[in-house]
Amino acid sequence: MSAFMMDASCMELALEGERLCKAGNCKAGVQYFEAAVEVGTDDLRTLSAIYSQLGNAYFYLQDYTRALEYHRHDLTLACTLGDHIGEAKASGNLGNTLKVLGKFDEAIVCCQRHLDISRELGDRVGEGRALYNLGNVYHAKGKHAGRAGHQDPGDFPEEVIACLKKAVEFYEMNLTIVKSLGDKAAQGRACGNLGNTHYLLGNFETAIGFHKERLSIAKEFGDKAAERRAYSNLGNACVFMGDFETAADFYKKTLHIARRLGDVAIEAQACYSLGNTFTLLRDYNTAVEYHERHHRIAQKLKDRVGEGRACWSLGNAHTALQNHDKALHYATLHLQISREVGDKTGELTAQMNLADLRTVLGLDKDPGSQDGLLQSANQKTLKEKEQNRQRRRSMERLELVTMTPDKNAVLGATANGKSKQSMGAKFKRKAANKEKLSRKSSNTSSTSSSSGDSASCIVKTENVNIQVSPAQRASPEIMDDDDSFFDVLSRFQGKRMDEQRCSFNRIQDKQRERENSEDRDYPMKEELMNQIASFQRSRLNEQRSSICNLPGLKTNNEEVLGQLLHKGGQGVPDDDFFDMLMRCQGSRINDQRSEPPVLQPAPTVPDEDFFALIQRVQSKRMDAQRADNGPKEKK
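Residues numbered from 1 in each chain as written. Predicted model: local features only at pLDDT ≥ 70, side-chain atom pairs only at ≥ 80, totals over all residues. Heavy atoms only, no water.

**Student:** Teacher, can you tell me more about the pattern of salt bridges here?
**Tutor:** Pairing between side chains becomes possible if they bear opposite charge and their charged atoms approach one another. Per the counting criterion, the structure on display carries 16 salt bridges. Taking the shortest distance from any N to any O, the salt bridge between Arg124 and Glu127 comes out at 3.6 Å. One end of the pair, Arg124, and the other, Glu127, are both in helix α8 (residues 124-149), 3 residues apart, so they sit about a helical turn from each other. Taking relative accessible area as the criterion, Arg124 reaches 40% and is therefore assigned partly exposed. Residue Glu127 is classed as buried on the basis of its relative accessible area, which comes to 12%. Here Glu267 and Arg293 are joined by a salt bridge, their closest N and O atoms 3.6 Å apart. Separated by 26 residues along the polypeptide, Glu267 in helix α14 (residues 264-280) and Arg293 in helix α15 (residues 284-300) bring together distant segments of the chain. (Salt bridge = Lys/Arg side-chain N within 4 Å of Asp/Glu carboxyl O. Helix = DSSP H or I, 4+ residues; strand = E, 2+ residues; numbered from the N terminus. Buried < 20%, exposed > 50% of the residue type's maximum accessible area, 1.4 Å probe, protein only.)

**Student:** What exactly am I supposed to notice about the confidence of the model for the protein here?
**Tutor:** Interpreting fine coordinate detail is not advised for predicted regions of low pLDDT. The predicted model of the protein averages 74 in pLDDT, with 57% of residues at 70 or higher. Here residues 568-573 is a poorly scored stretch, pLDDT under 50, and it has 7 contacts once near neighbours within four places are set aside; other chains count. Counted against residues more than four places away or in other chains, residues 620-635, with its pLDDT under 50, gives 23 contacts. (pLDDT = per-residue confidence, 0-100. Contact = heavy atoms within 4.5 Å.)

**Student:** Explain the packing of helix α10 (residues 184-200) against helix α11 (residues 204-221) here, please?
**Tutor:** The relative placement of two packed helices comes down to the angle between their axes together with the axis-to-axis distance. Between α10 and α11, the least distance of the axes is 8 Å, while the angle of their chain directions is 155 degrees. As judged from the angle between their axes, α10 and α11 are roughly antiparallel. Seen from above, α10 lies across α11 with left-handed handedness. Across the interface between the two elements, Lys184, Ala185, Gln187, Gly188, Arg189, Cys191, Gly192, Leu194, Gly195, Asn196, His198 and Tyr199 from α10 touch Phe204, Thr206, Ala207, Phe210, His211, Glu213, Arg214, Ile217, Glu220 and Phe221 from α11. When its residues are assigned to classes, the contact of α10 with α11 shows 9 nonpolar, 8 polar and 5 charged. (Axes fitted to C-alpha atoms, helices over the stretch in contact; angles between N-to-C directions. Parallel < 35°, antiparallel > 145°, perpendicular 65-115°, else oblique. Left-handed = near helix turned anticlockwise from the far one by under 90°. Nonpolar A, V, L, I, M, F, W, Y, C, P; charged D, E, K, R; others polar.)

**Student:** Is there a simple way to think about the nonpolar core in this case?
**Tutor:** Generally speaking, nonpolar side chains in soluble globular proteins are found buried as a group. In this structure, Leu134, Leu175, Tyr199 and Leu274 are the most contacted members of the largest nonpolar core, which totals 62 residues. Of all the elements, helix α9 (residues 158-181) adds the most residues to this core, at 10 residues. With sequence-adjacent residues up to four places away left out, Leu134 is seen in contact with Ile108, Cys111, Gln112, Leu115 and Phe170. (Core = buried A, V, L, I, M, F, W, Y, C linked by side-chain atoms within 4.5 Å.)

**Student:** I keep staring at the packing of aromatic side chains and nothing clicks. Help me out?
**Tutor:** How two aromatic rings sit relative to each other is set out by the distance from centre to centre and by the angle between their planes. For the structure shown, the criterion picks out 10 aromatic pairs. Taking the centre distance of 6.1 Å and the plane angle of 40 degrees together, the rings of Tyr51 and Tyr70 count as tilted. Of this pair, Tyr51 sits in helix α4 (residues 44-60) while Tyr70 sits in helix α5 (residues 64-81), and the two are 19 residues apart along the sequence. Residue classification places Tyr51 among the buried residues on the basis of a relative accessible area of 0%. The exposure class of Tyr70 is buried, given its relative accessible area of 4%. Considering the side-chain rings of Phe204 and Phe240, the 5.0 Å spacing of their centres and the 15 degrees angle between planes classify their relative orientation as stacked. (Phe/Tyr/Trp six-rings, centres within 6.5 Å; stacked < 30°, edge-to-face > 60°.)

**Student:** In this structure, what is going on with the side chain of Glu227? I would like to understand it.
**Tutor:** Its place among the elements puts Glu227 in helix α12 (residues 224-241). Discounting chain neighbours no more than four positions away, the residues touching Glu227 are Leu215, Ala218, Lys219 and Ile257.

**Student:** What's the story with the packing of α5 against helix α6 (residues 84-100) in this structure? I'm lost.
**Tutor:** The interhelical angle for the contact between α5 and α6, taken along N-to-C directions, is 160 degrees, at an axis separation of 9 Å. Looking at the two axes, α5 sits roughly antiparallel to α6. Note on packing geometry: the crossing formed by α5 with α6 is left-handed. Counted together, Tyr64, Ala67, Leu68, His71, Arg72, Asp74, Leu75, Ala78 and Cys79 of α5 and Gly86, Glu87, Ala90, Ser91, Asn93, Leu94, Thr97, Leu98 and Val100 of α6 form the full contact between these two elements. Class assignment of the residues belonging to the contact of α5 with α6 gives a composition of 10 nonpolar, 5 polar and 3 charged.

The following block contains the structure:
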């Protein structure tokens, strides 16, 4: 192989790569195409074909960045040569690649270019493909936006519905063209996509009609994969119509074809759908059988998300069968897997199910569950409150009178019994502290009596107050005195308030400095903007002149360069093309940014919208299936 690559020409390598890709070995075909590009050629048609084949091969291998690169090279070369057919095909390939990358607006621009050129050339086949591609982009854009909002089919926002209706419009135009051309295979694809789009719009009867037509065409061509998809889509639509028995029949046929094709992941999806459908039919024993099959396949394929869904479904089914021990086991597994894969919704659902099951079984709350954590937190809060209450019991005897300036008047009104003893004890502590500072030890005996007259205590403490210096008021020993404490606090807060105030003079001075600086910097800013504009013009020119820098293009021959300039008219494509190309290349900046975390793939689980429906329908019925809360009495 390596010797052939070294000795073969660019054309020979390209032909071998094309043969391998047609045989299904795209990985090896890419190696031959890359070798052909490395050898290079001055045949522009050959180079354009290599670019197109390389882009398609990388697309098949799901290396969409490289696919986008080579389709862009193909588009640049086709536009420069004035090859309108090549430009239309390259635009369509670019649109499909951008759609897969989620750049729907850029994809619409490229697909519209494909459609416009095909109509100008009167190419009905190309026009049909362009309409089909546009329908796919609008369908993917609407489905993507609808999935982000977690709505059911038929309940999407207006912008999502507008995209889906636009997709229906393009699919119907495509269907009209392929019917006139007699292309039954393309007709089947259009019917399938029309069924899927009407399904998202909530037109389930219309969707069933298109899927049945798709099924008929698939049987006519012996396309088992398309037949399997049609049965699965019919089952989904019947579930939304509430016809669960018919849905179960379609899912059984899906399962049968998947086993014939040896597609284990699709077999697991069919089992999952059948299990949920029999749950809706309240045939829980059959539902458990299918969910266990799904669980085994998910474990075999190491699909942790699928395992979690299977455990969730098995827990619900066993709860309905009053098998609470088994339900508790699967709910625990569901919680563990949900935490492992980062499924917050699944984790919350599992915690709620665990709490209900523990209540039914009379078990204590799980310390790791949400209810257990809440109960622990409440207990901790009660302990803290009890500790605070014990520490602050001495504060309960404090009277608000001590905080007021008119102490004599208020204290006269409260001179009775226990209150009198409390006040005397309080003033005893205050007088003792102050007498230490004022060194008046002669008054100690008069303030130590708990049954003494409160009025005499007040006089003595006021006399002590007069002799306290400002420096002593801030000392820690005198912090029991309320007046001194608030005096220190007010002075401290006064300083902080001054720091928080703003000076209007400073703001005006800074305003003047800023205006003067802008006046001085204005010529410099204007010069900077001119430099930026000049730099951007040079970048645009570099993109226009990049025709000679295409990989694999031999430009040593002056005849080839002359051919490029002659066929390209003025040597560059028109501005409309570059407007489109600039939008496509502008998306490369976003490619360099980090993407949000991608959800873990779940090959054994069907679409999320169907799963969400099952989850909501089952959650409404689970309350009626659960036993009464509280432990059962032991006999």
